[in-house]
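Coordinate analysis (summary)
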Amino acid sequence: MPAFSSRTEGYKAGVFLLFIATIVFLVGFGAPYWLTADGVVSGVSVDSHRGLWLACSTGSYLGYSSTGCSTFDMTVIPGWFTAVRALESLCTTGLIIACIYALANNCCRSVSGPQSKVLEAMAGFSGILGFIGCMVYVGKYNDILNKDIWDYDWAFYLAAVGSGLVVIAAIVIAVNNKPVDVQPNTGGMVMMTATAQPQPYVVQPGNYPPQPCVAQPGYYPSQSYPPPKAGYPAQ
């Protein structure tokens, strides 16, 4: 019987939330919509959006005229941006491993021995890394963005919310990580289990077991007597 069927309802809800949060985070992690620009700079219309890996634009901006998406130049991106990408990448790797572990641990084996805490530890640590990366991103870009043009977009919010939900899912799993006793289906019949051990007979006052007949002093069983001697009347 798979281990998942013997889990508590809270544990099942936590695992379900973990998978949903992972999907939400992965969409935000890969989409080039962490920032969006829509406005006019020096008389030039700007329509641009970017994520952690791609920058896409239409029109002309800062002397560059292009339409489409391109990767970032690794020689000019700041160190904090590289750190954010590293944190989010570690979060992504940890969540994928956690989801695979959840499937293997709950669907491919039965419950035996103490319950492992690997799943909630891995998921929780990964979610914290992802959330820290989002906060670093906000803290740095708030100092350099032109708020009249640039703003945070939907992919950033998905990544932030997804990583937060992962942490919540890890807490729910940790609190409810215990198996429940599953009774076999007996079709309505009451199953009796003989567990009593044979007990020695204890003699109580007034309650004696049957005893064999043993001759006691002064008690004689019936005997055969010889016939009377001649000259004496029969007695």
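Given the structure is predicted, the values throughout are model-derived calculations rather than measurements.

Another aspect to go through is the environment of Val167. Examined against the element boundaries, Val167 turns out to sit in helix H4 (residues 154–175). Separated by 149 residues in sequence, Val167 and Leu18 have C-alpha atoms that sit 8.6 Å apart. Apart from residues lying up to four places away in sequence, Val167 is in contact with Gly124, Gly127 and Ile128.

This paragraph deals with the packing of helix H2 (residues 79–107) against helix H3 (residues 118–144). Where H2 contacts H3, the two axes come as close as 8 Å, and the packing angle between them is 155°. By the angle between their directions, the pair H2 and H3 is classed as roughly antiparallel. Crossing geometry of H2 relative to H3 is assigned as left-handed. Of the residues in the contact of H2 with H3, the class split is 22 nonpolar, 5 polar and 2 charged.

Let us now look at the nonpolar core. Generally speaking, nonpolar side chains in soluble globular proteins are found buried as a group. Leu18, Trp34, Phe81, Leu119, Tyr137, Tyr141 and Tyr152 are the most contacted members of the largest nonpolar core, which has 39 residues in total. Residue assignment for this core shows that the elements contributing at least two residues are helix H1 (9–30), strand S1 (35–41), H2, H3, strand S5 (150–152) and H4. Sort the elements by how many residues they give to this core and H4 lands first, with 8 residues. In this view, Tyr141 contacts Leu35, Arg50, Trp80, Phe81 and Tyr152; residues no more than four positions away in its chain are not counted.

Of all residues in the chain, 64% have pLDDT values of 70 or greater, and the mean over the chain is 78. Between the elements of the chain, mean pLDDT differs from a low of 71, seen in strand S4 (residues 64–71), to a high of 96, seen in H4. A low-confidence stretch, residues 190–194 stays under pLDDT 50, and its non-local contacts, those more than four residues away or across chains, total 1 contact.

What follows is about the state of the cysteines. Per the stated rule, a full pass over the model turns up 1 disulfide. Paired by a disulfide, Cys56 and Cys69 hold their sulfur atoms 1.8 Å apart. Residues Cys56 and Cys69 share a disulfide whose torsion about the S-S bond is about 110°; that sign makes it right-handed. Of the two residues, Cys56 is situated in strand S3 (residues 54–61) and Cys69 in strand S4; the sequence distance between them amounts to 13 residues.

Cut-offs and rules
Residues numbered from 1 in each chain as written. Predicted model: local features only at pLDDT ≥ 70, side-chain atom pairs only at ≥ 80, totals over all residues. Heavy atoms only, no water. Helix = DSSP H or I, 4+ residues; strand = E, 2+ residues; numbered from the N terminus. Contact = heavy atoms within 4.5 Å. Axes fitted to C-alpha atoms, helices over the stretch in contact; angles between N-to-C directions. Parallel < 35°, antiparallel > 145°, perpendicular 65-115°, else oblique. Left-handed = near helix turned anticlockwise from the far one by under 90°. Nonpolar A, V, L, I, M, F, W, Y, C, P; charged D, E, K, R; others polar. Core = buried A, V, L, I, M, F, W, Y, C linked by side-chain atoms within 4.5 Å. Buried < 20%, exposed > 50% of the residue type's maximum accessible area, 1.4 Å probe, protein only. pLDDT = per-residue confidence, 0-100. Disulfide = S-S within 2.5 Å.

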